[in-house]
Amino acid sequence: MKFLPLIWHNLMRRKIRTIFTLLSILVAFVLYGYLAALSAGFSAGVDVADADRLVLIHKVSLIQLLPISYGPRIAQTEGVVDVCHFTFFGGIYQKKQSNFFMQMPVVPECLFKLYPEFVLPDAQKKAWLADRTGAIVGRATANRFGWKVDDRVPLQATIWQQRDRQTTWTFTIDGIYDGAKKGVDTTQFFFHYDYFDEARWFGQGMVGWYVIRVDHPERAADVAKRLDAMFANSPEETKTTAEKAFAQAFLNQIGDIGLIIRSILAVVFFVLLFVAGNTMAQSVRERTNELAVLKTLGFTNPGVLALVLAESCCLAVVGGGLGLALVTLLTRAGDPTGGLIPGFILRARDVLVGVGLTLALGIVAGVFPALRATRLRIADALRRS
Amino acid sequence: MADALVQVTDLHKVFRRGSERIDVLQGTNLGIPKGDFVALMGPSGSGKTTLLNLIGGLDRPTRGSIAVGGKRIDKLSGGQLAKWRARHIGFVFQLYNLLPVLTAVGNVELPLLLTGLGRGERKRHVATALAIVGLTDRAKHYPRQLSGGQEQRVGIARAIVTDPTLLLCDEPTGDLDRKSGDEIMALLVTLNQQHGKTIIMVTHDPRAAARARRVLYLDKGVLTTEATV
């Protein structure tokens, strides 16, 4: 602690340079935090996916529809506990493309059985079950648009027109659900499949995909195989995968998010290493004489090494700490898309990794200048000055 | 000299510049008793600063021995030498060599950071050292806010704050005007006579050397004459 004033005054010797270096570190750590939150957001669906849930889609693609008659056949398959179908609605709120969020017609009772992580007050659940044109919405989307229970919400259909060729579907918000645990997607909007199927212009009796719960996770692969075999050689062949794998595959359509993020961060930190390292190297070069004086006064080589490393670490920790604090505040304000990435949160483990990165940055950036300082021969350095 | 505080025996120092060999010290013998004030004079390149650096443990001899207070410092490792310097040696430089980012207090406190003293004790020691050099009223000033003479006083306060065995001064008046130089010399004389500090001073200035008890002349690495003032 007694060396802290010396360390701080040395850092503040070239204020502008130190401030710019601090800002570079701060910006890099804000970027790190943002990308870490983005990564968490993208992988949230994968993380919360249950091992005992399977997703059955059309063998060609997720876009192709499947007959609703598959439901009972799936339910009768040995090992299947629950089965529920979903269909992509693709509506837009207030005719703005940026207002997109996931909407799906479902069988309500089935949804709650299959997804106990969606928490809805009993009264709201009852109200929704009794209301054919009712819907429930996740907290994130409700907050995003300021929706309350009993609000009437018009959605502009991009795929499903009504029988009278109307494209506007109006729903009553009967409930707002929350996630039972962190990372549960609360951006989704569910409404009654019966109402949807009756009211739509085409596609009656067809659904988008099935989500299936099996009795034992270890039987999931076997059940998936049997399901696909059952529908083999039919007009709508199927492809069944674990929900986690499905979520991951869905994510991989965008690209390997983790790899992209790691690559960006690697480049950023590599550049940052040069910025911080250069600052420390310059600082040590400028102080050759002063370091020689310190050694003359009795500072040992390990002492000088520690002093220079402490300066470097101080720079990295202050810049990185401020960056992490700032990005924590920024991510608390919600995801930058306004709700498309519900799991956009800076996880504690990412903060800890960030703290570790600040220290690593400080040590790596400072170690070479520090070693140079220890190698300084006092008599030579004083003679040069 | 049996009871010498500093005993230099057959000291050689060779520098090499490429293939060139430079014999800076060639078998120097010297004894300095406790409480002495010695001025080392000689032309540039005669080995004065080299001898001072060797006695202060800043450099290592090629051959020969140096004992300070009976301890062979030429046998100490780098780390041991650093700790020994912190405890026993006070250095005063020609260009003061103060840290510009620290105030007078901060500069004088530097050597005390290596001791186990608490903050309060360090503060008291710094105040005493600054009072001795007459700079109590400039304690919070940065080096850039001080005159050359005042900076050198801070340098002297830094050198004496740990109450070292030996004070080594490398041309302490070399960068000062005559008046300031005289004041610094008066201060060194006070430290020698009233505080009993043993001082070895390298100087080119005969006026400064005249204030010492003894003057030694070095020429081409050989101690030639000795004069008692």
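The rules behind these values
The residue numbering used here restarts from 1 in each chain and proceeds along that chain's sequence as written. For this description, chains carry letters from A and ligands carry numbers from 1, given in the order in which they are written. Residues qualify for local features only when their pLDDT is at least 70, as the model is predicted, and side-chain atom pairs are given and counted only at 80 or more; totals for whole chains, interfaces and linings, by contrast, use all residues. Secondary structure follows DSSP: runs of H or I at least 4 residues long count as helices, runs of E at least 2 residues long count as strands, and numbering of each begins at the N terminus. Radius of gyration here is computed from C-alpha atoms only, and the compact-globule reference equals 2.2 Å multiplied by the residue count raised to the power 0.38. Three exposure classes are used, based on other C-beta atoms lying within 10 Å of a residue's own C-beta, which is placed from the backbone: buried for 20 or more, exposed for 12 or fewer, and partly exposed in between. Remark: residues whose backbone-derived C-beta atoms lie within 7 Å of one another are considered to be in contact. Any two strands are treated as partners once DSSP identifies two or more bridges connecting them. Only the stretch in contact is used when fitting a helix axis, every axis being a line fitted to C-alpha atoms; angles between N-to-C directions are given from 0 to 180 degrees. The source of the domain bounds is an automatic or database domain assignment. Per-residue confidence from the predictor is reported as pLDDT, which spans 0 to 100.

**Quick notes on the overall build of chain A**
Step number 1: Helix and strand counts for chain A stand at 14 helices and 13 strands.
Step number 2: In terms of overall dimensions, chain A is more spread out than a globule: its C-alpha atoms have a radius of gyration of 29 Å, far above the 21 Å expected for 385 residues.
Step number 3: C-alpha extents for chain A along the principal axes are approximately 95 × 45 × 35 Å.
Step number 4: A total of 385 residues make up chain A; the buried ones form 40% of that total.
Step number 5: Considering only contacts in chain A between residues 6 or more positions apart, those separated by 24 or more positions represent 83%.

**Some details on the sheet that holds strand 12 (residues 209-214) of chain A**
Hydrogen bonds along the backbone pair up the strands of a sheet, which may run parallel or antiparallel.
Residue and element names in this part refer to chain A.
Step number 1: Spatially, four strands are ordered 3-12-1-13 in an open sheet, and the strand pairing comes out antiparallel. Two strands in the sheet have a free side with no partner beyond their single neighbour: strand 3 (80-86) and strand 13 (238-242). Geometrically, the sheet is characterised by an average inter-axis angle of 25 degrees between neighbouring strands, direction not taken into account.
Step number 2: Judged from the four bridges that link them, strand 1 (residues 53-58) and strand 12 form a sheet pairing that is antiparallel. Of the residues in strand 12, the one forming a bridge with L54 is I212.

**Section: the sheet that holds strand 1 (residues 4-17) of chain B**
All names here are of chain B.
Step number 1: Read across the open sheet, the four strands follow the order 2-1-4-5; overall the sheet is antiparallel. Looking at strand neighbours, the two that pair on one side only are strand 2 (20-33) and strand 5 (71-72), the edges of this open sheet.
Step number 2: With five bridges joining them, strand 1 and strand 4 (residues 63-68) adopt antiparallel strand pairing. Residue pairing in the sheet places V8 in a bridge with I66 of strand 4.

**Quick word on the domain arrangement of chain A**
Step number 1: Looking at chain A, the domain boundaries give domain 1 (4-45 + 256-384) and domain 2 (48-252).
Step number 2: Using only C-alpha atoms to locate each centre, domain 1 of chain A and domain 2 of chain A end up separated by 46 Å.

**Brief notes about the interface of chain A and chain B**
Step number 1: Chain A puts 19 residues into the contact, and the matching count from chain B is 20 residues.
Step number 2: Among the secondary structure elements, those contributing two or more residues to the side of chain A that touches chain B are helix 1 (4-11), helix 11 (288-297) and helix 14 (378-384) of chain A.
Step number 3: Here the side of chain A that touches chain B gets six residues from one element, more than from any other, and that element is helix 11 of chain A.

**Thoughts on the confidence of the model for chain A**
Step number 1: Averaged over chain A, the pLDDT score is 88; the fraction of residues at 70 or greater is 94%.
Step number 2: Within chain A, the lowest mean pLDDT, 72, falls on helix 9 (residues 243-252) of chain A, and the highest, 96, falls on strand 10 (residues 189-192) of chain A.

**A closer look at the pairing of strand 9 (residues 168-179) of chain A**
Step number 1: Pairing analysis gives two bridges linking strand 6 (residues 118-119) of chain A to strand 9 of chain A, with the strands arranged antiparallel. Considered in strand 9 of chain A, the bridge of F118 of chain A is made with G179 of chain A.

**Side note on the environment of I176 of chain A**
Residue and element names in this part refer to chain A.
Step number 1: One can find I176 in strand 9.
Step number 2: For the pair formed by I176 and P336, sequence separation is 160 residues and the distance between their alpha carbons is 22 Å.
Step number 3: Those residues within four positions of I176 in sequence are excluded, and the remaining contacts are I136, V137, R139, A142 and V149.

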